[in-house]
Amino acid sequence: ETFTYRIQPSGTSYPDKDSGATTTNLSRLKVDYAIPANATFVSAAVVAGTSVGLDSVAPNVLRVNDSGNVDGSGGILRLSGNNQVIGNSPTTSTNSEGGIRVPKSKKNLDGSTNGNGDTWFRLPAVDVTMVAGATGVIQPKVRTAGAAGNLGASENFSTQLAKASFLGTQWAPTRCSPRENKDIT
């Protein structure tokens with residue numbers, strides 16, 4: 001049986017200022033999803049009109065391997081701007097903008113002004129089409145296998161590059177893995 005499921009990160013924000021620095025934008029955003037076991041991957045596509053507050057490179061979804069290289073048999077679906085990310089890709093940088101960008105707007109997801117000056121955004125949804133395998137559960141999830149499960153790894157499922165101004169330009173590459181605290185593996 002062929003079926004399609006939809007995945008989308010929740011809306012999130014970044015502050016106007018943090019630790020004395022004024023945040024300018026986020027760029028090089030990526031979210032990696034593991035291709036579920038017990039099914040055969042058919043296709044994946046960004047759902048038009050489901051993102052908020054993005055500019056620069058249009059979001060796309062690529063099938064990549066553990067090294068972050070585009071690979072038709074890779075086990076990861078990468079939502080990014082043409083694989084321009086901070087690490088785990090052939091097109092990386094931790095000190096220049098690229099890929100998907102979130103410019104400072106000081107707006108909420110609904111477009112209203114944010115009282116704290118935070119900038120809210122939402123990455124787009126992705127529709128994934130699969131063919132079910134043998135009986136059993138097919139569980140979509142973010143990438144956590146291998147190095148992606150390590151704290152602060154470029155393979156973490158969610159990464160981005162913050163740009164700020166404080167006595168010049170400051171770059172803050174950010175790597176996120178799903179855990180309750182840094183001491184839990």
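Predicted model, so just to flag it, every value in this text is computed and none were measured. (Residues numbered from 1 in each chain as written. Predicted model: local features only at pLDDT ≥ 70, side-chain atom pairs only at ≥ 80, totals over all residues. Heavy atoms only, no water.)

A.B. asks: Describe the sheet that holds strand E1 (residues 2-7), listing the residues and the values that go with them.
C.D. replies: In sheet architecture, strand pairing relies on hydrogen bonds along the backbone and comes in two forms, parallel and antiparallel. Taken in spatial order, the three strands line up as E1-E13-E5 in an open sheet, and their pairing is antiparallel. In the strand order of this sheet, the two ends are held by E1 and strand E5 (39-46), each with one partner. Between one strand axis and the next, the sheet turns through 25° on average, direction left out of account. As judged from the seven bridges shared by E5 and strand E13 (residues 126-132), these two strands associate in the antiparallel manner. For Ser43, the partnering residue across the bridge sits in E13 and is Thr129. (Pairing = 2+ DSSP bridges. Helix = DSSP H or I, 4+ residues; strand = E, 2+ residues; numbered from the N terminus. Axes fitted to C-alpha atoms, helices over the stretch in contact; angles between N-to-C directions.)

A.B. asks: I'd love a proper account of the pairing of strand E11 (residues 100-103), names of residues and values included.
C.D. replies: Here E11 shows one buried face, formed by Ile100 and Val102, and one open face, formed by Arg101 and Pro103. Taken together, the three bridges between strand E4 (residues 21-34) and E11 define a ladder with antiparallel strand orientation. The residue bridging Leu26 from the neighbouring strand is Val102, located in E11. Pairing of strand E6 (residues 55-56) with E11 involves two bridges; the strand directions are antiparallel. Within E11, the position partnered with Ser56 by the bridge is Ile100. (Buried < 20%, exposed > 50% of the residue type's maximum accessible area, 1.4 Å probe, protein only.)

A.B. asks: Outline unusual backbone geometry, listing residues and values.
C.D. replies: Positive phi is not limited to glycine here, since Ser56 has a value of about 75°. With respect to the helices and strands, the residue Ser56 is situated in strand E6. A positive phi angle, close to 55°, is found at Asn82, a residue other than glycine. Its location among the elements puts Asn82 in the loop between strand E8 (76-80) and strand E9 (84-85). Residue Asn82 is classed as partly exposed on the basis of its relative accessible area of 43%.

A.B. asks: Can you lay out the pattern of salt bridges for me, pointing to particular residues and giving the numbers?
C.D. replies: Pairing between side chains of opposite charge can happen when the charged atoms of each approach one another. Tallied over the full model, the rule gives nine salt bridges. In this structure, Asp127 and Arg6 form a salt bridge, with 2.7 Å as the shortest nitrogen-oxygen distance. Taken together, the positions of Asp127 in strand E13 and Arg6 in strand E1 put the pair 121 residues apart, joining distant regions of the chain. We classify Asp127 as partly exposed; its relative accessible area is 22%. On the accessibility criterion, Arg6 (51% relative accessible area) is exposed. Its salt-bridge partner being Glu97, residue Arg101 comes within 3.8 Å of it at the nearest N-O pair. Residue classification places Glu97 among the partly exposed positions, given a relative accessible area of 32%. Each member of the salt-bridge network shares a partner with another, and the members are Lys30, Asp32, Arg78 and Arg143. (Salt bridge = Lys/Arg side-chain N within 4 Å of Asp/Glu carboxyl O.)

A.B. asks: Residue-level account of the layout of surface pockets, with values.
C.D. replies: If you add up the space inside the largest pocket, you get close to 390 Å³. Together, 20 residues line the largest pocket, and Tyr14, Pro15, Leu26, Ala162 and Thr174 are the ones closest to its centre. Elements with a minimum of two residues in the lining of the largest pocket: strand E2 (12-14), E4, strand E15 (158-165) and strand E16 (169-176). Per-class residue counts for the lining of the largest pocket are eleven nonpolar, seven polar and two charged. Reported here for the second largest pocket is a volume of approximately 180 Å³. Those elements giving two or more residues to the lining of the second largest pocket turn out to be E4 and E15. Among the elements that take part in the lining of the second largest pocket, E4 stands out by supplying four residues, more than any other. Residues belonging to the lining of the second largest pocket are distributed by class as follows: eight nonpolar, four polar and one charged. (1 Å grid on protein atoms, 1.4 Å probe; cavity = no way out; pocket = protein on both sides within 12 Å on 5 of 7 lines; lining within 4 Å. Points joined across faces, edges and corners; volume = space filled by probe spheres on them. Nonpolar A, V, L, I, M, F, W, Y, C, P; charged D, E, K, R; others polar.)

Geometric descriptors of this kind do not, in isolation, establish any biological role.
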